[in-house]
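# Breakdown of the fold
If you want the building blocks of each chain, they are given just below.
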Amino acid sequence: MGNDIRFLAKRYHYWLVAILLLSATGTLAQSGATGARARPFCEDGIRISWKAAEGAASYRVLQILENGELRSVCSTTDNDCKLEGLEQDSSYSFYVDAEVDGELILADQSVSATTYGREDCVSRSPRKTATPKPSIDTCSHLPASIVVRNFDTYSTQCKQVDAAGLGRSDLIAQGLIDAVDIWQDVATDVQVCFRNQGALKFLDAATSPRAVSDLVAQIVDGMTCGTIDRPGTVALMHSTETSSSTIESPPQAEPEPSSATIEMSAQTEPPSTIETQPELEFPHARALIDCPVSTSDILNFRQGPGLDFGIKREIPYQTLLTATERAGDWFKVEYAGEEGWIYYKLVRRHGICAWA
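Residues numbered from 1 in each chain as written. Predicted model: local features only at pLDDT ≥ 70, side-chain atom pairs only at ≥ 80, totals over all residues. Heavy atoms only, no water.

### A closer look at the state of the cysteines
On inspection of all chains with the given rule, the structure shows 4 disulfides. One disulfide in the model links Cys 74 with Cys 81; its S-S distance is 2.5 Å. Here the S-S torsion is close to 130°, and the disulfide linking Cys 74 with Cys 81 is therefore right-handed. Taking the relative accessible area as the measure of exposure, Cys 74 reaches 3% and is therefore buried. (Disulfide = S-S within 2.5 Å. Buried < 20%, exposed > 50% of the residue type's maximum accessible area, 1.4 Å probe, protein only.)

As structure tokens, this is what we get:
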């Protein structure tokens, strides 16, 4: 009798262990991102990577702010996220959440890293090949009515959307003028500008359906501009209000059209190519000292400091140049034996770049 009782107890013990293992297996199937780690690169960047979660449709990276609040800094389907433009010699902490089968699996452990402060990205981590890094640069190739600034060339994506793409009948009824959708990586404050005037609305991609809020508008160089810190859609609406603030262009901004008009009118025949045009002068440009730079993408080499000037050629990725003048958001450099202008936010500076 005693042996029978011991046999039954042992058998029930095995069944209990089997049930617990099956339960654990079901739990593991719903596990989120694991093996997350953060590491610095260059002097102002941090890269967060993790092991892919089984069945995960997407991931989000949340930065833990000093006050304990969380801020979304990355939304991706890959298993890594690269952040740039951070404070040097500063520590940052993050959570990596995963979306599995429509359910958001919250991370239970954070990862941290401290940015470098005195390291040169080009000299510290030279690339093994001079071949430009492939990228889809959608934000700098938007239609002329939209200008996006301060975006991550390799991960921030932009697309102009119409009323159908906006998908909000209430906003369309208010009078939609233009809209742009910005997704994937928005690691820093991105400025979105429209050449038309109006009021701005922001449709937050972090909610479903997207929450709509008013976006503070500023007039910058005659454009209606707003700043966002996360993915979403920025819409320009008809408005009779005039509450937008105005930012005056700096003294070193683009030259007045009259100077270019006078110069062009002095030509007896239109030039056949850009190379045969006379060298333009920009009285508002100021000379720089100690300003070596390297390109962080394949850049357009323009005849003047602005998007309205013709493109002479393209400058390859990671080309070392010397900026000699600055006019607004543009650097004057010499490349392939001729002088031209490049957008200063798409280069990495290696000197003080001070006014001469």
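### Description of the sheet that holds strand E13 (residues 199-204)
Spatially, E10-E11-E17-E13-E14 is the arrangement adopted by the 5 strands of the open sheet, whose pairing is antiparallel. Each edge of the sheet is formed by a strand with only one pairing partner; in this case those strands are strand E10 (156-160) and strand E14 (211-215). Here the average twist between neighbouring strands, direction ignored, is 25°. (Pairing = 2+ DSSP bridges. Helix = DSSP H or I, 4+ residues; strand = E, 2+ residues; numbered from the N terminus. Axes fitted to C-alpha atoms, helices over the stretch in contact; angles between N-to-C directions.)

### Notes on the environment of Asp 78
By secondary structure assignment, the location of Asp 78 is in the loop between strand E4 (70-76) and strand E5 (80-83). The contact partners of Asp 78, leaving out residues within four places of it in the chain, are Trp 50 and Tyr 59. (Contact = heavy atoms within 4.5 Å.)

### Quick look at the sheet that holds strand E2 (residues 45-51)
Taking strand neighbours across the sheet as the criterion, the 3 strands line up as E1-E2-E5 in an open arrangement whose pairing is antiparallel. Two strands in the sheet have a free side with no partner beyond their single neighbour: strand E1 (34-41) and E5. The mean inter-strand angle of the sheet, taken between neighbouring strand axes irrespective of direction, is 10°. Sheet topology places E1 next to E2; 6 bridges connect them, and they run antiparallel. Bridge pairing in E2 links Arg 37 to Ser 49.

### Looking at the packing of aromatic side chains
According to the stated counting rule, one finds 8 aromatic pairs in the structure shown. Judged by centre distance (5.6 Å) and plane angle (85°), the ring pair of Phe 282 and Phe 309 falls under edge-to-face. One end of the pair, Phe 282, is in the loop between helix H5 (257-265) and strand E19 (286-289); the other, Phe 309, is in the loop between strand E21 (299-302) and strand E22 (311-315), with 27 residues separating them in the sequence. Taken as a pair, Phe 282 and Phe 309 share a single burial class, namely buried. The rings of Trp 330, Phe 331, Tyr 343 and Tyr 344 are connected pair by pair, giving a single aromatic cluster. The aromatic ring of Tyr 344 is capped on one face by Arg 326, whose charged end is 4.3 Å from the ring centroid. (Phe/Tyr/Trp six-rings, centres within 6.5 Å; stacked < 30°, edge-to-face > 60°. Lys NZ or Arg CZ within 6 Å of the ring centre and 35° of its normal.)

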